Amino acid sequence: MSDTHAQTVSYVRDTMLPETSPPTTEVGAVKWLRENLFSSVTNTFLTLLSIFVIYWILSHVGPWMLGGIWNAGSLSECREIRDATVGSDHGVACWAVLSDRWHQLLFGYYPSELYWRPILALILFLGGLAPVLFDKVPRKMFILSAVAPFLCFWLLWGGSIWLPISIALGFVVGYVAYGPLTKALGSLAGIIGAIVLPLLYWLFLSGPIYAGLDSIAPIGIEFVESRAFGGFMLSVVIGLSAIVLSLPLGILLALGRQSDLFIIKTSAVVFIEVIRGVPLIVWLFTAQLLLNYFLPPGTNFDLTLRVIIMVTLFSAAYIAEVIRGGLAALPKGQYEGADSLGLSYWQSMQLIVLPQALKISIPGIVNTFIGLFKDTTLVVFIGLFDPLGIASAIRASTDWNGIYWELFIFIGAMFFIFCFSMGRYSLYLEKKLQRENR
């Protein structure tokens, strides 16, 4: 047996071979290039063509941008410096317009000695938004989230401190009324009361209360009119305000459209369809010309606030449809499971249905917010100086008449930073909420 076994098994290795390095074509950058850029003849051709196009663009635009002039007081002075340095045959960017007019592009005609107020308002707003966006922020920061909108309003417009306080009391009225009304008449009556009572308070009581407090203890800072707002400050104020306000309103509209109560469902459907069926520019003209007719006589409602309200309503209609899509995507078993646990309607929405629907709707919601922020440039048609309006005013001056690309590149870069940041947060939130990765 041993001789037969020795003849059939010629060699048996009793030690392991040492590990060897993989081929260079299967690791690192070489592997990535082979798989992504040169995986086939077609991809290789498209890669080489793309490299050529990128090189051509950079070779023409790069010297124009990198060789730009930053120190000049006018476009004619820029051209004189260009002729003296590189010659009149070579075009270079005149970035000096940004050095000379950056304050207008960012703050419009806001008083320069008060720039600290919009900067502080933005910091407070982001601080109040942090506990809402990131779960690692201490929960005590929600106190800042509650007071930040009123502090930002006071810092931006100034005036008496009692005005934002009297407005905030309306939310306190709704919060206090919700509990007793819910216990006495049910959850629906509590919600209606929490909405109607603050509106009545703001229409009839907030004015006298504000006037009385201001006459007893006048405390405030310098008032700034809305016509001084402009540039990116105006876009940020309108865009962020509408984003923050339209999300909860859109959720209520989406739930109202799916309600079994005829009046609530019909009201939500009519509101959404009417708002979505008319272009935003028409609603902006409505805010400028017609909204005052629906207010009590003698009311002087600020144009910027009117625009914020109209943009908020416009965005809420689109958000409502996005969230309704998320609600429709949930399996019916989720609703039945909530009912089997004995949860009320609002408990099931808060604990089971809405968290899943909002997770599904994140891409659509963020896409709507990005479109909303870019649409703030439409306010130029109703006389507000957004970044494009400020750029037109700068180009109308004798010093910078004839300059175009430098201003538009700067404005586009600023909008890209804001929109790209929202898109990246959306991806972060989607990845964080993916249950299969936990």
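Residues numbered from 1 in each chain as written. Predicted model: local features only at pLDDT ≥ 70, side-chain atom pairs only at ≥ 80, totals over all residues. Heavy atoms only, no water.

J.: Honestly, the confidence of the model for the chain in this entry has me stumped. Any pointers?
T.: Detailed conclusions should not be drawn from predicted coordinates in areas where pLDDT is low. Residue-level pLDDT values for the chain average 86, and 94% of them are 70 or greater. Highest mean pLDDT in the chain belongs to helix α11 (residues 231-257) (92); lowest belongs to helix α1 (residues 2-8) (54). (pLDDT = per-residue confidence, 0-100. Helix = DSSP H or I, 4+ residues; strand = E, 2+ residues; numbered from the N terminus.)

J.: Quick question: what am I supposed to make of the state of the cysteines here?
T.: Here a disulfide denotes one covalent bond, and it connects the sulfur atoms of two cysteines. For the structure on display, the rule yields one disulfide. Between Cys78 and Cys94 runs a disulfide, and the two sulfur atoms are separated by 2.0 Å. What sets the handedness of the Cys78 and Cys94 disulfide is the S-S torsion sign, and at about 75° it is right-handed. With Cys78 in helix α4 (residues 75-85) and Cys94 in the loop between α4 and α5 (96-107), this residue pair connects regions lying 16 residues apart in the sequence. The pair formed by Cys78 and Cys94 is uniform in burial state, with each residue classed as buried. (Disulfide = S-S within 2.5 Å. Buried < 20%, exposed > 50% of the residue type's maximum accessible area, 1.4 Å probe, protein only.)

J.: I would appreciate a short explanation of the side chain of Thr377 in the present structure.
T.: Topologically, Thr377 is positioned in the loop between α16 (345-375) and α17 (387-396). A relative accessible area of 18% places Thr377 in the buried class. Of the polar contacts made by the side chain of Thr377, one reaches the backbone oxygen of Lys374; its length is 2.9 Å. Those residues in contact with Thr377 that sit more than four places away from it in its chain are Asp386, Leu388 and Phe415. (Polar contact = N/O pair within 3.5 Å; in protein donor to acceptor, adjacent residues only side chain to side chain. Contact = heavy atoms within 4.5 Å.)

J.: Just to check I follow, could you spell out the pattern of salt bridges for this structure?
T.: Pairing between side chains of opposite charge can happen when the charged atoms of each approach one another. Evaluated as defined, the whole model comprises eight salt bridges. With a closest N to O distance of 3.1 Å, Arg82 and Asp83 form a salt bridge. Classification of Asp83 by relative accessible area gives partly exposed; the value is 39%. When the shortest N-O distance is used, the salt bridge between Glu321 and Arg257 registers 2.9 Å. You can see Glu321 sitting in helix α14 (residues 303-329) and its partner Arg257 sitting in helix α11, a full 64 residues away along the chain. An identical accessibility class is assigned to Glu321 and Arg257; each is buried. Each member of the salt-bridge network shares a partner with another, and the members are Arg257, Glu273, Arg276, Glu321 and Arg324. (Salt bridge = Lys/Arg side-chain N within 4 Å of Asp/Glu carboxyl O.)

J.: I'm lost on the packing of α5 against helix α18 (residues 405-433) in this one. Help?
T.: What describes two packed helices is the angle between their axes and the distance between those same axes. The geometry of α5 relative to α18 is characterised by a closest axis approach of 11 Å and an angle of 50° between their N-to-C directions. As summarised for this structure, α5 and α18 are arranged oblique, according to the angle between their axes. Here α5 and α18 pass one another in a crossing that is right-handed. Every residue of α18 that contacts α5 at Val97, Leu98, Leu105 and Leu106 is listed here: Glu406, Leu407, Phe410 and Met414. Here the contact of α5 with α18 is composed, by residue class, of seven nonpolar, no polar and one charged. (Axes fitted to C-alpha atoms, helices over the stretch in contact; angles between N-to-C directions. Parallel < 35°, antiparallel > 145°, perpendicular 65-115°, else oblique. Left-handed = near helix turned anticlockwise from the far one by under 90°. Nonpolar A, V, L, I, M, F, W, Y, C, P; charged D, E, K, R; others polar.)

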